[in-house]
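Residues per chain are reported as follows:
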Amino acid sequence: MPKLISVIVPAHNEAKNMPLLHTALQEVSDKIAYNFEFIFVDDGSRDDTVAVLKKLQKQDKRIQVIEFARNFGKEAATSAGLHASKGDAVVIMDADLQHPPSLLPKFIERWEAGGEVVVGVRRYSKKESAFKKMMSGWFYRIMQQIAHTHITPHATDFRLLDRAVVDEFNALTERNRMTRGLIDWLGFRRAYIHFEAPTRIHGEVAYTFTKLVGLAFNSFTAYSMLPLRLAGYIGVLILSIATPVGLFIVIEKYILNDPWGFNFSGPAILAFILLILVGIVLACMGLIALYIANIHNEVLNRPLYIVRRQQQATELAKEE
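All values derive from a computational prediction rather than experimental measurement.

The rules behind each value
- Residues numbered from 1 in each chain as written.
- Predicted model: local features only at pLDDT ≥ 70, side-chain atom pairs only at ≥ 80, totals over all residues.
- Heavy atoms only, no water.
- Helix = DSSP H or I, 4+ residues; strand = E, 2+ residues; numbered from the N terminus.
- Buried < 20%, exposed > 50% of the residue type's maximum accessible area, 1.4 Å probe, protein only.
- Contact = heavy atoms within 4.5 Å.
- Areas by Shrake-Rupley, 256 points an atom, 1.4 Å probe, with all protein chains shown as cover.
- pLDDT = per-residue confidence, 0-100.
- Axes fitted to C-alpha atoms, helices over the stretch in contact; angles between N-to-C directions.
- Parallel < 35°, antiparallel > 145°, perpendicular 65-115°, else oblique.
- Left-handed = near helix turned anticlockwise from the far one by under 90°.
- Nonpolar A, V, L, I, M, F, W, Y, C, P; charged D, E, K, R; others polar.
- Pairing = 2+ DSSP bridges.
- Core = buried A, V, L, I, M, F, W, Y, C linked by side-chain atoms within 4.5 Å.
- Phe/Tyr/Trp six-rings, centres within 6.5 Å; stacked < 30°, edge-to-face > 60°.
- Lys NZ or Arg CZ within 6 Å of the ring centre and 35° of its normal.
- Lys, Arg positive; Asp, Glu negative; His and termini not counted.
- Salt bridge = Lys/Arg side-chain N within 4 Å of Asp/Glu carboxyl O.
- Polar contact = N/O pair within 3.5 Å; in protein donor to acceptor, adjacent residues only side chain to side chain.

## Remarks on the overall build of the protein chain
The helix and strand inventory of the protein chain stands at 11 helices and 7 strands. Within the protein chain, the proportion of its 320 residues that are buried is 42%. Contacts in the protein chain between residues at least 24 apart in sequence constitute 79% of all its contacts with a sequence separation of at least 6. Roughly 18,200 Å² of accessible area belongs to the protein chain as shown, and the carbon and sulfur atoms make up 60% of that amount.

Below, the structure is given as structure tokens:
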């Protein structure tokens, strides 16, 4: 039996793009010897996305439509598609055709060659604004420095996952999630396909600047403990500067009777006392942050380890 490939498409107000995407998926799937299921997840669309999908479903029995009661966001829609998928491999792609369906054979080829996670990495075209390129570059540079999980620069949600990866992803329980970050955290063997996104045909970009900023902050807090520990680092820095200076002022003025004539005033001494107290408070906050970080890790409830494959000696003997 040919292997089954699940294609997951989160959609929000994409009625005009649905027929175009389905046609492109049909053209690709008819040319390669695999079975397909197309899982469209409607994320509370206000247009005719669901109606268009139901019409397409009558023409193509491979289509499965999951309709949300309201808009829960792309990450939730992607997770719903992964939970519903049955394929030996699962491809996640956007509905706006900026993730070219024509690349599906390449993704499958890399998967068959041993890649358990095949990641689409976007090349920015000359049409992209300099501001967008700069902000994206800063984001990935910061994440590479502070994240406890390696995140590939310019990696997109356009990716293929082996069934084993999907099963492990579905076991994760956290609610505030960034799908690509969680997949990166899972590990497994990786392969990469670089592509340039075509121009969007219909509709507007779902991720506004405000949403992108929110996604960036969610990434910082979900994949790095640095923001939590920052207060402690600042407190230690303040203490390391203010304490010796404060001791010098007290010794120079009150013990040595100001031999160098600095003539420190009362407000200056009070300011350094306050600095020392602020440093102590921030350092204590950093200590509390360490406990909160432990609570954070426990609440996420991620598995302690990921097993790619477990093979018994009898199974190995059969293979030989």
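## Considering the confidence of the model for the protein chain
Put simply, the protein chain has an average pLDDT of 79, and 74% of its residues get 70 or more. The weakest mean pLDDT in the protein chain belongs to helix α11 (residues 313-319) at 51; the strongest belongs to strand β4 (residues 89-92) at 94.

## A word on the packing of helix α6 (residues 163-170) against helix α7 (residues 179-186)
Running from amino to carboxyl end, α6 crosses α7 at an angle of 115 degrees, the nearest separation of the two axes being 10 Å. Regarding the angle of α6 to α7, the classification is roughly perpendicular. In terms of crossing hand, the pair formed by α6 and α7 is right-handed. Across the interface between the two elements, V165, E168 and F169 from α6 touch T179, L182, I183 and L186 from α7. Tallied by class, the residues present in the contact of α6 with α7 amount to 5 nonpolar, 1 polar and 1 charged.

## Focus: the environment of F68
Take F68: it is sitting in the loop between β3 (63-67) and α3 (74-84). Here F68 falls in the buried class, since its relative accessible area comes to 15%. Separated by 26 residues in the primary sequence, F68 and D42 have C-alpha atoms spaced 6.0 Å apart. Here F68 is in contact with V41, D42, D43, G44, A76, A77 and A80, once residues within four sequence places are set aside.

## Focus on α3
Since one α-helical turn is 3.6 residues long, residues separated by three or four positions face the same way. Of all 11 residues in α3, 8 are buried, a share of seventy percent or more. Buried within α3 are the following residues: E75, A77, T78, S79, A80, G81, L82 and A84.

## Concerning the sheet that holds strand β1 (residues 4-11)
One open sheet holds the 7 strands; their spatial order is β3-β2-β1-β4-β6-β5-β7, and the pairing between them is mixed. Of all the strands in the sheet, the pair left with one neighbour each is β3 and β7 (190-196). On average, adjacent strands in this sheet sit at an angle of 20 degrees to one another, irrespective of strand direction. Note: β4 against strand β6 (residues 155-162), 4 bridges, orientation antiparallel. What sits directly across from V91, in β6, is L160.

## Comments concerning the nonpolar core
Within the largest apolar cluster, 34 residues are counted, with the highest numbers of intra-cluster contacts made by V7, M18, L21, L25, F40 and L160. Contributions of two or more residues to this core are made by β1, α1 (17-29), β2 (35-42), α2 (49-59), β4, α4 (104-112), β6 and β7. In terms of residues, this core owes the most to one element, α1, which gives 5 residues. Of all hydrophobic cores here, the second largest spans 24 residues; its members include V41, V117, V121 and F169.

## Describing the pairing of β4
On β4, burial covers both faces: A89 and V91 on one face and V90 and I92 on the other are all buried. Bridge count for β1 against β4 is 4 bridges, and the pairing is parallel. Looking at β4, one finds that I8 is bridged to I92.

## Topic: the packing of aromatic side chains
Within a pair of aromatic rings, the relevant descriptors are the distance that separates the centres and the angle that separates the planes. Taken as a whole and judged by the stated rule, the model has 4 aromatic pairs. When the centroid spacing of 4.5 Å and the interplanar angle of 40 degrees are considered together, the rings of F107 and F158 count as tilted. Here F107 is found in helix α4, whereas its partner F158 is found in strand β6, with 51 residues between them in sequence. The same class applies to F107 as to F158, namely buried. Above the plane of the ring of W111 lies K3, whose end atom (NZ or CZ) is 4.9 Å from the centre. Here the guanidinium or amino end of R70 rests over the ring plane of F72, the centre of that ring lying 3.8 Å away.

## A closer look at the side chain of E37
Looking at the element boundaries, E37 is found in strand β2. The charged side chain of E37 is buried without a salt bridge, its nearest counter-charge being K86 at 5.1 Å. Among the polar contacts listed, one links the side chain of E37 to the backbone nitrogen of K86, at a separation of 2.8 Å.

## Details of the pattern of salt bridges
Under the definition given, this model contains 9 salt bridges. For D157, the salt bridge goes to K74, with nearest N and O atoms at 3.1 Å. On the criterion of sequence distance, the pair formed by D157 in strand β6 and K74 in helix α3 is long-range, its members being 83 residues apart. Exposure remark for D157: the relative accessible area of 6% places this residue in the buried category. Each of K74, D94, D157 and R180 takes part in salt bridges that share partners, so that together they form one network.

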